[in-house]
Amino acid sequence: MLNISGLNEGIVIDHIQAGGAMKIYEYLNLEKLDCQVAIIKNARSSKMGKKDIIKIEGPLDIDLNVLGVLDHNITINIIKDNRIANKKFLELPDTVTNIIKCKNPRCITSAEQEVPHKFKLTDKEKRIYRCVYCESKFKGN
Amino acid sequence: MKHLISPLDLSVRELEEILNLGQAIMKTPEKYSHVCEGKKLATLFYEPSTRTRLSFEAAMLNLGGKVLGFSSADTSSASKGESVADTIRVISSYADICAMRHPKEGAPTVAAMHSGIPVINAGDGGHNHPTQTLTDLFTIKELTGRLDNLTIGMCGDLKFGRTVHSLINAMVRYDNVRFILVSPNELKIPDYLRQEVLEAGNIDYIETNELEKYMPELDILYMTRVQRERFFNEEDYIRLKDSFILDAEKMKYAKKDMYVLHPLPRVNEISAEVDNDPRAVYFKQAKFGVYVRMALIITLLELSV
């Protein structure tokens, strides 16, 4: 197991589907951060078999709720003084724009590139997002 | 400013007002013949549709208004790559209201987001066709006097038939509506409609491939065409195609006051021998479409009558 030293203060994005960390990295624009960011790929997990983890050092002002759309298994731990201060529950946003893409080839978004890919939460309980244009379901994790 | 993109954009009360206005127009059309004087309807049809387009144009002309537009993407700036958003921004300066048909799902939604005038979805791919639904509801209400307490049979292509999906979505809002869904197994209604609309709404429905068995129970029979190209193999199509043809023989099983609707065009799924049966109302249904579109135009333009 690779060892990365614990965070004094920061965020741990845990239980990312194995291989999915780079997508999360891009969605959160983590390349723009100056602080330390560690990506662990294929870590062992009793719950999932294997998983990815992202550790971000330092205080952070990022909207993480969008992660719930991409991967509903993701958990967020807020670290303070080298320990988990609290776990953040991801609230599903009512709409997401240009985070996930509509894959329906019959949708207007496939014909006109400047149309933003916008999805609406239509079933909170079942975590169903639908394209606001063609109403097809987004199939996430 | 209101648009009509999906049939559910209208509340039950708003729908009732439009249907009532449509009935009033039908009774005394001359009273409404100048309501839209000085107004223009733009018909932006990116794919051909003679019936819907002419129905809209007739509606606007009947109201004393004028029409302009295009009837295929080839003859418009869409062929130069102009986006729907840019097109509607320009058209908003030329007309007071617009009806759009587009092969891509959601195109009228994009138009509504950028439009300075009301947008009516005249059909977007296999997605919605709300004015067909209004026409269907108007027909049912005009002939039966009600939209509740009905047993509605839907027969043919229930999987790809957008008018079927739309009508189901609209009718489940009324009390005590029961559906008898008749189709080959390969063309049953999509899962989302079964689970998220019928099951979730506790709606009474049956799925079957036996039309004659359930005919005596129907108040309305909504026919659609079973298309050869939807079948996975030719043998199944040949075996099943005649099960879903309505003919005079099958009409013997129907109630005296059952009505047969069809969004048209019909091919062979309703035999011509049924046309003279007074219960066959599909051509009357097309005529009703003009009145309901007149009522819709008046409503969206917020004109007083």
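What counts and how
- Residues numbered from 1 in each chain as written.
- Chains lettered and ligands numbered in written order.
- Predicted model: local features only at pLDDT ≥ 70, side-chain atom pairs only at ≥ 80, totals over all residues.
- Helix = DSSP H or I, 4+ residues; strand = E, 2+ residues; numbered from the N terminus.
- Buried ≥ 20, exposed ≤ 12 C-beta atoms within 10 Å, placed from the backbone.
- Contact = placed C-beta atoms within 7 Å.
- Nonpolar A, V, L, I, M, F, W, Y, C, P; charged D, E, K, R; others polar.
- Core = buried A, V, L, I, M, F, W, Y, C linked by C-beta atoms within 7 Å.
- Pairing = 2+ DSSP bridges.
- Axes fitted to C-alpha atoms, helices over the stretch in contact; angles between N-to-C directions.
- Right-handed = clockwise from strand over helix to strand, strands pointing away.
- Parallel < 35°, antiparallel > 145°, perpendicular 65-115°, else oblique.
- Left-handed = near helix turned anticlockwise from the far one by under 90°.
- Domains from an automatic or database assignment.

### Brief notes about the overall build of chain B
- Within chain B one finds 11 helices and 9 strands.
- Dimensions of chain B, computed from C-alpha atoms along their principal axes, come out at roughly 55 × 45 × 40 Å.
- Going through the 305 residues of chain B one by one, you find that 46% of them count as buried.
- Long-range contacts, defined as pairs at least 24 residues apart, comprise 76% of the intrachain contacts of chain B with a sequence gap of at least 6.

### Focus on the overall build of chain A
- Looking only at helices and strands, chain A has 3 helices and 8 strands in total.
- Viewed in the frame of its principal axes, chain A has a C-alpha envelope of about 50 × 35 × 25 Å.
- Scored against the burial criterion, the 141 residues of chain A give a buried share of 24%.
- For chain A, contacts bridging at least 24 residues in sequence account for 61% of all contacts bridging at least 6.

### Overview of the interface of chain A and chain B
- Across the boundary between the two partners, chain A contributes 12 residues, which contact 11 residues of chain B.
- The class makeup of the residues in the side of chain A that touches chain B is 8 nonpolar, 1 polar and 3 charged.

### Some words on the nonpolar core
All names here are of chain B.
- Ranked by internal contacts, the top residues of the largest apolar core, which has 108 residues, are Cys98, Met154, Tyr222, Val260, Met294, Leu296 and Ile297.
- Per-element tally for this core: the top contributor is helix α11 (residues 282–300), with 11 residues.
- Once residues lying within four places of it in the same chain are set aside, the contact partners of isoleucine 297 are Cys36, Leu41, Ala59, Met60, Leu63 and Ile97.

### Remarks on the sheet that holds strand β6 (residues 177–182) of chain B
All names here are of chain B.
- With parallel pairing, the 5 strands of this open sheet are ordered in space as β7-β6-β5-β8-β9. Two strands lie at the open edges of the sheet, namely β7 (205–208) and β9 (259–261), each paired on one side alone. Each neighbouring strand pair of the sheet contributes to a mean axis angle of 15°, computed without reference to strand direction.
- Here 3 bridges tie strand β8 (residues 220–223) to β9, and the two strands are oriented parallel to one another. Within the sheet, the bridge partner assigned to tyrosine 222 lies in β9 and is leucine 261.

### Here's the deal with the pairing of β6(B)
All names here are of chain B.
- In terms of burial, β6 is largely enclosed, as 5 of its 6 residues are buried.
- Sheet topology note: the strand β5 (residues 150–155)/β6 ladder contains 6 bridges and is parallel. The residue bridging methionine 154 from the neighbouring strand is leucine 181, located in β6.
- Since β6 and β7 lie parallel, the crossover through helix α7 (residues 191–199) that links them has a hand, and here it is right-handed.

### Observations regarding the packing of helix α1 (residues 12–27) of chain B against helix α5 (residues 130–144) of chain B
Residues and elements named next belong to chain B.
- Taken N-terminus to C-terminus, the directions of α1 and α5 make an angle of 65°; their axes are 10 Å apart at the nearest point. By the criterion of interaxial angle, the relationship of α1 to α5 is roughly perpendicular. The chirality of how α1 crosses α5 is right-handed. Facing α1, whose interface residues are Leu15, Ile18, Leu19, Gly22 and Gln23, α5 presents Leu134, Leu137, Phe138, Lys141 and Glu142.

### Considering the domain arrangement of chain B
All names here are of chain B.
- Taken domain by domain, chain B comprises domain 1 (7–128 + 289–300) and domain 2 (131–274).
- In this structure, domain 1 and domain 2 have C-alpha centres spaced 27 Å apart.
- If you look at the interface, domain 1 gives 18 residues, while domain 2 gives 15 residues.
- Of all the secondary structure elements, the ones that give two or more residues to the side of domain 1 that touches domain 2 are α1, β4 (119–124) and α11.
- The greatest single-element share of the side of domain 1 that touches domain 2, amounting to 6 residues, is contributed by α1.
- Broken down by class, the residue content of the side of domain 1 that touches domain 2 amounts to 10 nonpolar, 6 polar and 2 charged.

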